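If you want the building blocks of each chain, they are given just below.
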Amino acid sequence: AQTVTQSQPEMSVQEAETVTLSCTYDTSENNYYLFWYKQPPSRQMILVIRQEAYKQQNATENRFSVNFQKAAKSFSLKISDSQLGDTAMYFCAFIPTSTGNQFYFGTGTSLTVIP
Amino acid sequence: GAGVSQSPSNKVTEKGKDVELRCDPISGHTALYWYRQSLGQGLEFLIYFQGNSAPDKSGLPSDRFSAERTGGSVSTLTIQRTQQEDSAVYLCASSLARSRRDYEQYFGPGTRLTVT
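Being a predicted model, the structure only gives us computed values, none of them experimental. (Residues numbered from 1 in each chain as written. Chains lettered and ligands numbered in written order. Predicted model: local features only at pLDDT ≥ 70, side-chain atom pairs only at ≥ 80, totals over all residues. Heavy atoms only, no water.)

Peer 1: I'm lost on the overall build of chain A in this one. Help?
Peer 2: Helix and strand content of chain A: 0 helices and 12 strands. Along its sequence from the N terminus, chain A presents helices and strands in the succession β-β-β-β-β-β-β-β-β-β-β-β. For 115 residues, the compact-globule estimate of 2.2 N^0.38 gives 13 Å, and the C-alpha radius of gyration of chain A, at 14 Å, lies within 12% of that figure. Principal axes of the C-alpha set define a box for chain A whose edges measure 45 × 25 × 20 Å. Out of the 115 residues in chain A, the part that is buried amounts to 50%. (Helix = DSSP H or I, 4+ residues; strand = E, 2+ residues; numbered from the N terminus. Rg over C-alpha atoms; globule rule 2.2 N^0.38 Å. Buried < 20%, exposed > 50% of the residue type's maximum accessible area, 1.4 Å probe, protein only.)

Right, here's the structure in full:
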């Protein structure tokens, strides 16, 4: 079975501080893609960052970076210098490349950035 | 360029009525997904279309749900005899074909369905 677990339903962080959102997953696949999506109150899902499982180097996108631990099946998201606009639901997801059709999403973490 | 669009943005319907939700994917994207997001929940996979292949309907919760994709582009999700538990946001996403090794999904803004 393919599952994604986000164990933090809600988190908060002070503006300009750093926060880490956790995500673990379970799969028997060896190659897959991992994603973090952001869903602000507007409902529009936006890709934050992605990681290819065969790449050991952690992906970074400006203030967003991941800590990808393949053996531990962990894919956490670090947000540095948090901004008010980062307030949103964050979803972790993966897609195994062998099937290439179904994405598996976690239940999300609601992040609030406090001024 | 234009992103994924969905219509209507909001739909209120009475229990027992049928509804149709529409999705216009990004031009050139051959893969199209429908998801359901209940209040405070994650995304529940409903159905997947890839080119001219038979759709993956494994996520449809009941036979009241069906979806079509005409001409490899626009898709319609139909819910017959709606029930109150069908109330949710229905999200559509599209992506490039697998052969492009690009699995990023581009999401539409969703349709909020309320069944009264």
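Peer 1: Quick question: what am I supposed to make of the packing of aromatic side chains here?
Peer 2: Two aromatic rings, taken as a pair, are described by how far apart their centres are and by the angle between their planes. By the definition in use, this model includes 18 aromatic pairs over all chains. Consider the rings of Tyr25 of chain A and Phe94 of chain A, whose centres lie 5.8 Å apart with planes at 40 degrees: the pair is tilted. With a gap of 69 residues between them, Tyr25 of chain A in strand S4 (residues 24-26) and Phe94 of chain A in strand S10 (residues 88-96) connect regions that are remote in the sequence. Residue classification places Tyr25 of chain A among the buried positions, given a relative accessible area of 5%. By relative accessible area, Phe94 of chain A is classed as buried at 0%. Measuring from centroid to centroid gives 5.8 Å for Phe103 of chain A and Tyr33 of chain B, while their planes differ by 85 degrees, and the two rings are edge-to-face. Placement of the pair is Phe103 of chain A in the loop between S10 and strand S11 (104-105) and Tyr33 of chain B in strand S4 (residues 31-37), with the two residues belonging to separate chains. (Phe/Tyr/Trp six-rings, centres within 6.5 Å; stacked < 30°, edge-to-face > 60°.)

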